[in-house]
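Residue-level structure breakdown
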Amino acid sequence: MKLGIVGLPNVGKSTLFNALTAAKAEAENYPFCTIEPNVGIVTVPDERLDLIAEVINSEKVVPATIEFYDIAGLVKGASKGEGLGNKFLSHIREVEAIIHVVRCFQDENITHVEGKIDPINDIEIIDLELMLSDLEIINNRLNRVEKLVKGDKSYEKELEVLNKLKDTIEKNQALRGLDLDDDEMKLIKSYGLLSLKPVLYVCNISEEDLLSEEENEYVKKVKEYAEKEISQVIVISAKIEAEISQLDKEEKEVFLSELGLQESGLDKLIRASYDLLGLMSFITCGPKEIRAWTIKKGTKAPQAAGKIHSDIERGFIRAEVINYKDLIECGGTAQAKEKGLVRLEGKDYVIQDGDVVLFRFNV
């Protein structure tokens, strides 16, 4: 699953990406320093794996991962090609969800492309470019479907949905706020609409604001904006997170403690990103490894088995399932079986987050 980090130039996207991946992506104080998107594979923090590892002596622990794409800063006119905009918009089309970094800090040494700090204006600039790009796609498809429906009534539903999309954008509203059912989503899936993608707003604040008990006024505005479209907001200091990412585990814990924080902003961001994509993890464990496997919420046992290997899905017989808490409390799978805590589940079982699973199959 891929997430695209977007925003105006100089809002802290590449600094955040560096912190996420420790990839040392180029981050300079001028627009368009990132042309091709940098890609980083990031592990999803999951303390359950470490807790299981304390009970089961496996050779290694393999967490779930997601991909982050550092996409160059967009500017006004991107949908018309300004600032290499068409190229950057095509990069956004490749991701499943958007991490929208918004500048919520003052710094005279870092240029703002619009000449002022106004996070809502920044968000609206990006959204407008996404919507204009979408409108062009919708209008092109509308012209075609209006002709097709005259000879084939099966296109009526698509025509109805297209008009709903067009009306929404013409009201200056991003498509992500629309309540579309599964059938409608299937009809438009191939369009690659940008403003339909779910968004997580990241308010990038200064170190001073991070340590302040008062909430930054810019952050308050972003939260109010996000609430209207039912989007999430994460508040971090990309500069601080970049420093934290260079520390080892012990140093990181000391640094966070000194800042009065329970966990890093990046851990919150990665988990929120995982959730934004509608993902969760089930776990397999044995003497060789403990591994978290990524699946969509609502996935049934055979399809979850297919994440491990297609043969396991094809020859699925049953799943032996235990909640990770029960496994830890019992001190191992064998002890959990003795206490009757391992359940046998069939093809219709929906895997739950944190299930520890052993699949039985025959091919």
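See the structure above.
A few points on the structure. (Residues numbered from 1 in each chain as written. Predicted model: local features only at pLDDT ≥ 70, side-chain atom pairs only at ≥ 80, totals over all residues. Heavy atoms only, no water.)

Looking at the overall build of the protein chain
- Helix and strand counts for the protein chain come out as 15 helices and 12 strands.
- Within the span of the protein chain, comprising 363 residues, buried residues form 48% of the whole.
- For the protein chain, the share of sequence-separated contacts (at least 6 apart) that also reach a separation of at least 24 residues comes to 69%.
- Total accessible area computed for the protein chain in this model is approximately 18600 Å², and 46% of it derives from carbon and sulfur atoms. (Helix = DSSP H or I, 4+ residues; strand = E, 2+ residues; numbered from the N terminus. Buried < 20%, exposed > 50% of the residue type's maximum accessible area, 1.4 Å probe, protein only. Contact = heavy atoms within 4.5 Å. Areas by Shrake-Rupley, 256 points an atom, 1.4 Å probe, with all protein chains shown as cover.)

With respect to the nonpolar core
- Ranked by internal contacts, the top residues of the largest apolar core, which has 68 residues, are Leu16, Leu20, Phe68, Ile92, Tyr201 and Val222.
- Of all the elements, helix α11 (residues 265-276) adds the most residues to this core, at 6 residues.
- Counting 18 residues, the second-largest nonpolar core is a separate cluster that includes Leu165, Leu175, Tyr191 and Leu196. (Core = buried A, V, L, I, M, F, W, Y, C linked by side-chain atoms within 4.5 Å.)

Observations concerning the pairing of strand β8 (residues 279-285)
- Where burial is concerned, most of β8 is hidden: 6 out of the 7 residues are buried.
- As paired elements, β8 and strand β9 (residues 289-296) share 7 bridges and run antiparallel to each other. What sits directly across from threonine 284, in β9, is arginine 291.
- Following β8, the chain reverses through 3 residues before pairing antiparallel with β9. (Pairing = 2+ DSSP bridges.)

Describing the pattern of salt bridges
- For the structure on display, the rule yields 21 salt bridges.
- Salt-bridge contacts for aspartate 127 lead to arginine 176; the nearest nitrogen and oxygen are separated by 2.8 Å. Pair noted here: aspartate 127 is in helix α4 (residues 119-151) and arginine 176 is in the loop between α5 (156-170) and α6 (182-188), with a separation of 49 residues, a long-range link.
- Aspartate 127 sits in the buried class, given a relative accessible area of 4%.
- Here glutamate 160 and lysine 157 are joined by a salt bridge, their closest N and O atoms 3.6 Å apart. Residue glutamate 160 and its partner lysine 157 are both found in helix α5; the two are separated by 3 residues, about one turn of the helix.
- The structure contains a network of salt bridges with shared partners spanning Lys157, Glu160, Lys164 and Glu184. (Salt bridge = Lys/Arg side-chain N within 4 Å of Asp/Glu carboxyl O.)

What about the pairing of β9?
- When strand β3 (residues 60-62) meets β9, the two strands line up parallel, connected through 3 bridges. Within β9, the position partnered with valine 62 by the bridge is arginine 291.

Considering α11
- Along its 12 residues, α11 runs 16 Å from first to last C-alpha, staying within 8% of the 16 Å computed at 1.5 Å per residue.
- Burial analysis of α11 places 9 of its 12 residues in the buried class, which makes it a mostly covered element.
- Inspection of α11 places Gly265, Leu266, Asp267, Leu269, Ile270, Ala272, Ser273, Tyr274 and Leu276 among the buried residues, and these make up the whole buried set.
- Backbone geometry just after α11 places glycine 278 at a positive phi near 70 degrees. (Expected span 1.5 Å × (residues − 1).)

Observations concerning unusual backbone geometry
- Even without being glycine, asparagine 10 reaches a positive phi, approximately 65 degrees.
- Position of asparagine 10 relative to the elements: it lies in the loop between β1 (2-6) and α1 (13-21).
- Given a relative accessible area of 14%, asparagine 10 falls into the buried group.
- Despite not being glycine, isoleucine 230 has its phi angle at roughly 55 degrees, a positive value.
- Here isoleucine 230 lies in the loop between α8 (217-228) and β7 (232-236).

Examining the sheet that holds β7
- With respect to topology, 6 strands assemble into an open sheet ordered β2-β4-β1-β5-β6-β7, the strand pairing being mixed. The open sheet terminates on both sides in strands that have one partner only, identified here as β2 (38-43) and β7. Each adjacent strand pair in this sheet contributes to an overall mean axis angle of 25 degrees, direction not counted.
- For β1 and strand β5 (residues 97-103), the ladder comprises 4 bridges, and the chain directions are parallel. Each bridged residue has a counterpart across the sheet, and for glycine 4 the counterpart in β5 is isoleucine 98.
- With respect to the sheet, α1 is in contact with β1, β2, β4 (65-70), β5, β6 (199-204) and β7, its orientation differing from that of β2 by roughly 40 degrees.
- α4 contacts β5 and β6 of the sheet and is inclined by roughly 145 degrees relative to β5. (Axes fitted to C-alpha atoms, helices over the stretch in contact; angles between N-to-C directions.)

Observations concerning the packing of aromatic side chains
- Considering all chains together, one arrives at 3 aromatic pairs under this definition.
- Arginine 48 extends its terminal NZ or CZ atom over the ring of tyrosine 324, reaching a point 5.5 Å from the ring centre.
- Over the face of the ring belonging to tryptophan 293 we find arginine 291, whose NZ or CZ atom lies 5.0 Å from the ring centre. (Phe/Tyr/Trp six-rings, centres within 6.5 Å; stacked < 30°, edge-to-face > 60°. Lys NZ or Arg CZ within 6 Å of the ring centre and 35° of its normal.)

Thoughts on the environment of lysine 197
- Of note, lysine 197 is situated in the loop between α6 and β6.
- In sequence terms lysine 197 and glutamate 96 are 101 residues apart; their C-alpha atoms lie 6.6 Å from each other.
- When sequence neighbours within four positions are dropped, the list of residues in contact with lysine 197 reads Ile92, Arg93, Val95, Glu96, Ile98 and Arg176.
- Here valine 95 takes part through its backbone oxygen, which lies 2.6 Å from a polar atom of the side chain of lysine 197. (Polar contact = N/O pair within 3.5 Å; in protein donor to acceptor, adjacent residues only side chain to side chain.)

Coordinates in, geometry out; function isn't part of it.
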